[in-house]
Amino acid sequence: MKLKNILGIILLSALVNACNTSTQKSNTVVDTTGQTTQEENTTPKVVVDEVATARARIMAGVALKNNAGYDSILNAPATQEHYRQFNQSWAKLEESRLSKIRKWRESELKTLNSEKHNLFYPFSGPDFLNAYEFFPNCDNYILFGLEPNGRLVDIQNMPPDYLAGIRKALNEIFERNYFITSFMSNDLWGKGVLPVINIFMARTGNQIVDMKRFYLTKEGKPEFFALEDENTGKGKVEGIMIEFLNENKDKSQKVYYFGTDVEDSKMKDKMELAAFIKSFPDKIAFLKSASYILQNTTFQTMLKLVLDETSAVLQDDTGVPYREFVKNGWDIQYYGKYARPVADFGGYTYQSDMQRAFQDSANQVKPLDFTFGYHWKTDNSSVLLCTKKK
């Protein structure tokens, strides 16, 4: 071959390679955890933990896709009774509240749920269920409460009364759609919130991808370790992380739960928790059945986090004091009916300004066809959707 032809071929090959390189560069993607990652040409497939998912489904009374290895458990009388009772209770919850919540969110939360967000749910306890039913598309869910993080049972060596204990722990959520902390402390002793969150994930069509414990460094960075291990003692604030994948989605999501006290006097030594919460961008908040804690002067650190760090808040009257939204110029949409707080709480929880707002026809209060919060026996539930002005 002539030298001239050889040089031409080499030059053409170089140009083709250069073009291919320019078209195959990976795209830089910033996820809503604030970390920058490199997205390759094809997104890696999320691998589901089949054992953890099967355990969650059995605890939740959900049929397994593959019974292999679980026939003896599924055929046990205690398991069959659990499936029967759990499915009866869940069917009532689905009919009375959950189906109505999903219909409502499609109308009233459509814009929020179409955007990228992280959900901040203070005083949630293990209530992943309502967080996910109202906001199913968040990348991360940050939950905390006084209930301990807990542990999971080996499903192959499950204690005889374990499933019955799970049903007892969930009695209040079935009847009222919220947890009572004092009841949960007794019902979940030795279990913690971990099995309950697993159950709610299974019931909302999610599969378990990974579970880890972690502690927070002084800078608010999570240091992960195995679920079965004990805290190394390096961090005062410990949590659990559950990564999960919905059966109809390609991208996994995560829950972070902390069993800890966030009163101001306690938060002085836990500012790494505040730093962790702040590290998530694009936050919205969800508050329900929160015992009017943020109306107490001893929880100002958490109140400030909600007001300063989130762009929208969905709550009942037990969350952020109504006057705070008015004072700071938030846009407010009203739903349902405002009623005096139930007798379990002090008179300071009554908000006369909120009462007047619900009575003002100019505020165009929209109806609510499901109960939300402590007025679960009546139709006196009130909901506020508050949006920070840009």
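Worth saying up front: this structure is predicted, and the values here are computed from it rather than measured. (Residues numbered from 1 in each chain as written. Predicted model: local features only at pLDDT ≥ 70, side-chain atom pairs only at ≥ 80, totals over all residues. Heavy atoms only, no water.)

### Regarding the sheet that holds strand 4 (residues 140-145)
Logical step 1: Strand order in this open sheet of ten strands is 6-5-7-8-4-3-9-10-12-11, and the pairing throughout is mixed. Edge positions in the sheet fall to strand 6 (222-226) and strand 11 (331-336), since each has one partner strand and no second. Between one strand and the next, the sheet's axes are offset by a mean angle of 25°, whatever the strand orientation.
Logical step 2: Pairing analysis gives three bridges linking strand 3 (residues 118-121) to strand 4, with the strands arranged parallel. Bridge pairing in strand 4 links Tyr 121 to Leu 143. (Pairing = 2+ DSSP bridges. Helix = DSSP H or I, 4+ residues; strand = E, 2+ residues; numbered from the N terminus. Axes fitted to C-alpha atoms, helices over the stretch in contact; angles between N-to-C directions.)

### With respect to the packing of aromatic side chains
Logical step 1: This model, assessed by the stated rule, comprises 34 aromatic pairs.
Logical step 2: Ring geometry for Phe 123 versus Phe 299: centroids 6.0 Å apart, planes at 80°, classification edge-to-face. Here Phe 123, found in the loop between strand 3 and helix 6 (128-134), pairs with Phe 299, found in the loop between strand 9 (283-287) and helix 13 (300-309); they are 176 residues apart in sequence, far enough to count as distant. Exposure class is identical for Phe 123 and Phe 299. Each is buried.
Logical step 3: Taken together, a centroid distance of 5.3 Å and an interplanar angle of 40° make the contact between Phe 134 and Phe 286 tilted. A residue pair is termed long-range when its members are at least 10 positions apart, and Phe 134 in helix 6 and Phe 286 in strand 9 qualify at 152 residues.
Logical step 4: For Phe 134, a relative accessible area of 1% gives the class buried.
Logical step 5: Counting every residue linked through ring pairs, the aromatic cluster contains Trp 104, Tyr 121, Phe 134, Phe 135, Phe 286, Tyr 335, Phe 370 and Phe 372.
Logical step 6: The aromatic ring of Phe 372 is capped on one face by Lys 288, whose charged end is 5.6 Å from the ring centroid. (Phe/Tyr/Trp six-rings, centres within 6.5 Å; stacked < 30°, edge-to-face > 60°. Buried < 20%, exposed > 50% of the residue type's maximum accessible area, 1.4 Å probe, protein only. Lys NZ or Arg CZ within 6 Å of the ring centre and 35° of its normal.)

### A few points about the nonpolar core
Logical step 1: Counting 67 residues, the largest nonpolar core has Phe 128, Phe 134, Phe 135 and Tyr 141 as its most contacted members.
Logical step 2: Excluding its chain neighbours within four sequence positions, the residues that come into contact with Tyr 141 are Leu 119, Phe 128, Ala 131, Tyr 132, Phe 135, Pro 136, Phe 244, Gln 253, Lys 254, Val 255 and Tyr 256.
Logical step 3: Ala 274, Ala 285, Leu 305 and Tyr 322 belong to the second largest nonpolar core, which has 40 residues in total. (Core = buried A, V, L, I, M, F, W, Y, C linked by side-chain atoms within 4.5 Å. Contact = heavy atoms within 4.5 Å.)

### Quick look at unusual backbone geometry
Logical step 1: Of note, the phi angle at Phe 123 is positive, near 60°, even though the residue is not glycine.
Logical step 2: Located in the positive-phi region is Gln 364, a residue other than glycine, with phi close to 50°.
Logical step 3: For Gln 364, a relative accessible area of 61% gives the class exposed.

### Re the side chain of Ser 124
Logical step 1: Inspection of the secondary structure assignment puts Ser 124 in the loop between strand 3 and helix 6.
Logical step 2: When its relative accessible area of 6% is taken as the criterion, Ser 124 is described as buried.
Logical step 3: Among residues more than four places away in sequence, those in contact with Ser 124 are Leu 143 and Phe 144.

### Considering the confidence of the model for the protein chain
Logical step 1: Confidence in the prediction for the protein chain averages 85 pLDDT; 83% of positions are at 70 or higher.
Logical step 2: For the stretch residues 1-41, pLDDT sits under 50, and the model shows 31 contacts to residues farther than four places along the chain or on other chains. (pLDDT = per-residue confidence, 0-100.)

### Focus: the side chain of Thr 217
Logical step 1: With respect to the helices, strands and loops of the structure, Thr 217 is situated in the loop between strand 5 (206-216) and strand 6.
Logical step 2: Setting aside anything within four residues of it in sequence, one finds Thr 217 in contact with Glu 223 and Glu 272.

### Side note on the pattern of salt bridges
Logical step 1: Summed over the entire model, instances satisfying the criterion amount to 16 salt bridges.
Logical step 2: A salt bridge links Glu 81 to Arg 84; the shortest N-O distance between them is 2.5 Å. Linking Glu 81 with Arg 84, this pair stays in helix 4 (residues 77-108), spanning three residues, or about one helical turn.
Logical step 3: Taking the shortest distance from any N to any O, the salt bridge between Asp 139 and Lys 116 comes out at 3.1 Å. Residue Asp 139 is located in the loop between helix 6 and strand 4, and its partner Lys 116 is located in the loop between helix 5 (110-113) and strand 3; the two are separated by 23 residues in the primary sequence. (Salt bridge = Lys/Arg side-chain N within 4 Å of Asp/Glu carboxyl O.)

### With respect to the packing of helix 2 (residues 50-59) against helix 4
Logical step 1: Between helix 2 and helix 4, the shortest axis-to-axis distance is 9 Å and the interhelical angle comes to 65°. The orientation of helix 2 with respect to helix 4, classified from their angle, is roughly perpendicular. Facing Arg 57, Ile 58 and Met 59 of helix 2, the residues of helix 4 in contact are Thr 79, His 82, Tyr 83 and Phe 86.
Logical step 2: Grouping the amino acids of the contact of helix 2 with helix 4 by side-chain chemistry returns four nonpolar, two polar and one charged. (Parallel < 35°, antiparallel > 145°, perpendicular 65-115°, else oblique. Nonpolar A, V, L, I, M, F, W, Y, C, P; charged D, E, K, R; others polar.)

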